[in-house]
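Next come the chains, spelled out residue by residue.
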Amino acid sequence: MPGPRRTLTTLAVTACCTVAAGAGAPTASADRVSDKAVSWGLSQVGTREDGTTNCSSKLNAWSRNMRLNVPPCRPWCGAFVHEAFRRAGVDLSPRLIDPTRTERDAAAGQRGLFTIAKSDVRPGDLLLFALHRGQSTASHIALVTSRPSGGSVRTVEGNVAHAVRKKTRGLRYAVMAVRVRR
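Residues numbered from 1 in each chain as written. Predicted model: local features only at pLDDT ≥ 70, side-chain atom pairs only at ≥ 80, totals over all residues. Heavy atoms only, no water.

Asker: Tell me about the overall build of the protein chain, and please be specific about residues and values.
Answerer: Looking only at helices and strands, the protein chain has five helices and six strands in total. Mapped from its N terminus to its C terminus, the protein chain presents α and β elements in the order α-α-α-α-α-β-β-β-β-β-β. The 182 residues of the protein chain split such that 45% are buried. Considering only residue pairs separated by 6 or more positions, the protein chain has 54% of its internal contacts joining residues 24 or more positions apart. Roughly 9200 Å² of accessible area belongs to the protein chain as shown, and the carbon and sulfur atoms make up 51% of that amount. (Helix = DSSP H or I, 4+ residues; strand = E, 2+ residues; numbered from the N terminus. Buried < 20%, exposed > 50% of the residue type's maximum accessible area, 1.4 Å probe, protein only. Contact = heavy atoms within 4.5 Å. Areas by Shrake-Rupley, 256 points an atom, 1.4 Å probe, with all protein chains shown as cover.)

What follows is the structure, given as structure tokens:
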């Protein structure tokens with residue numbers, strides 16, 4: 001009976017791969033989105049702004065893709081992350097341009113973002129950092145490229161010393177870990 005057996009196999013495969021993204025286990029689709037976002041992000045390493053302006057034709061295009069007006073040019077770590085997910089097929093909120101708003105949205109489980117334990121990050125997740133001395137709210141967004149190891153994780157980030165760069169960050173310095181609902 002090849003017909004029914006094939007149908008049952010299809011149902012089993014479909015059931016295994018449709019677990020809700022927020023329910024813990026990633027879906028096959030979520031893994032593909034994460035892989036694409038990380039791959040695109042890594043392909044942009046070395047992309048620079050013009051001088052110290054927060055502007056360039058590429059950065060301005062990323063901001064426009066967020067439905068933001070340019071000028072003005074703004075800190076663009078969020079535009080970089082937004083563009084990575086847009087290229088992977090997920091259109092996030094333009095609020096991603098502001099790490100503090102991103103932190104609030106994730107804490108509330110809004111706009112496709114939700115918090116996860118820092119120790120549970122995997123490639124495609126986001127880490128929010130408070131990079132300004134004495135600040136406790138997020139001021140920077142990084143895209144995770146590896147699973148944690150020894151308390152650190154590798155990332156790719158926009159607007160680090162005026163460019164897209166690969167970094168290794170200590171998890172203890174992150175304000176919040178965030179997963180994108182795909």
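The discussion continues.
Asker: Any chance you could break down helix H3 (residues 57–65) for me, citing the residues and the numbers?
Answerer: Of the residues making up H3, those classed as buried are Leu 59, Asn 60, Trp 62 and Ser 63. Taken around the axis of H3, the buried residues stretch over an arc of 155 degrees, which confines them to a single face. Once H3 ends, the next one or two residues include Arg 67, with phi positive near 70 degrees. (Arc of directions from axis to C-beta.)

Asker: So what's going on with the side chain of Thr 47? Residues and values would help.
Answerer: Inspection of the secondary structure assignment puts Thr 47 in the loop between helix H2 (28–43) and H3. The residues touching Thr 47, leaving out its near neighbours within four places in the chain, are Lys 58, Leu 59, Trp 62, Trp 76, His 162, Ala 163 and Val 164.

Asker: Describe helix H5 (residues 99–107), naming the residues involved and giving the relevant values.
Answerer: Every buried residue of H5 is accounted for by Pro 99, Thr 100, Thr 102, Glu 103, Asp 105 and Ala 106. Buried positions along H5 lie against helix H4 (77–87), strand S1 (113–116), strand S2 (126–129), strand S3 (140–144) and strand S6 (174–180). Its side-chain oxygen 2.9 Å from the backbone nitrogen of Thr 100, Asp 98 forms the N-cap of H5. Two residues or fewer after H5 comes Gly 109, characterised by a positive phi angle close to 65 degrees. (Polar contact = N/O pair within 3.5 Å; in protein donor to acceptor, adjacent residues only side chain to side chain.)

Asker: Go over the packing of aromatic side chains with me, naming the residues and quoting the values.
Answerer: Here the structure, examined in full by the defined rule, presents four aromatic pairs. Ring plane angle 55 degrees and centroid distance 5.9 Å describe the contact between Trp 62 and Phe 80, whose orientation is recorded as tilted. Separated by 18 residues along the polypeptide, Trp 62 in helix H3 and Phe 80 in helix H4 bring together distant segments of the chain. In terms of burial, Trp 62 and Phe 80 fall into one category: buried. Through pairs of rings, three or more aromatic residues link up here, namely Trp 40, Trp 62, Trp 76 and Phe 80. Over the ring of Phe 129 we find Arg 169; its NZ or CZ atom is 5.0 Å from the centre of that ring. (Phe/Tyr/Trp six-rings, centres within 6.5 Å; stacked < 30°, edge-to-face > 60°. Lys NZ or Arg CZ within 6 Å of the ring centre and 35° of its normal.)

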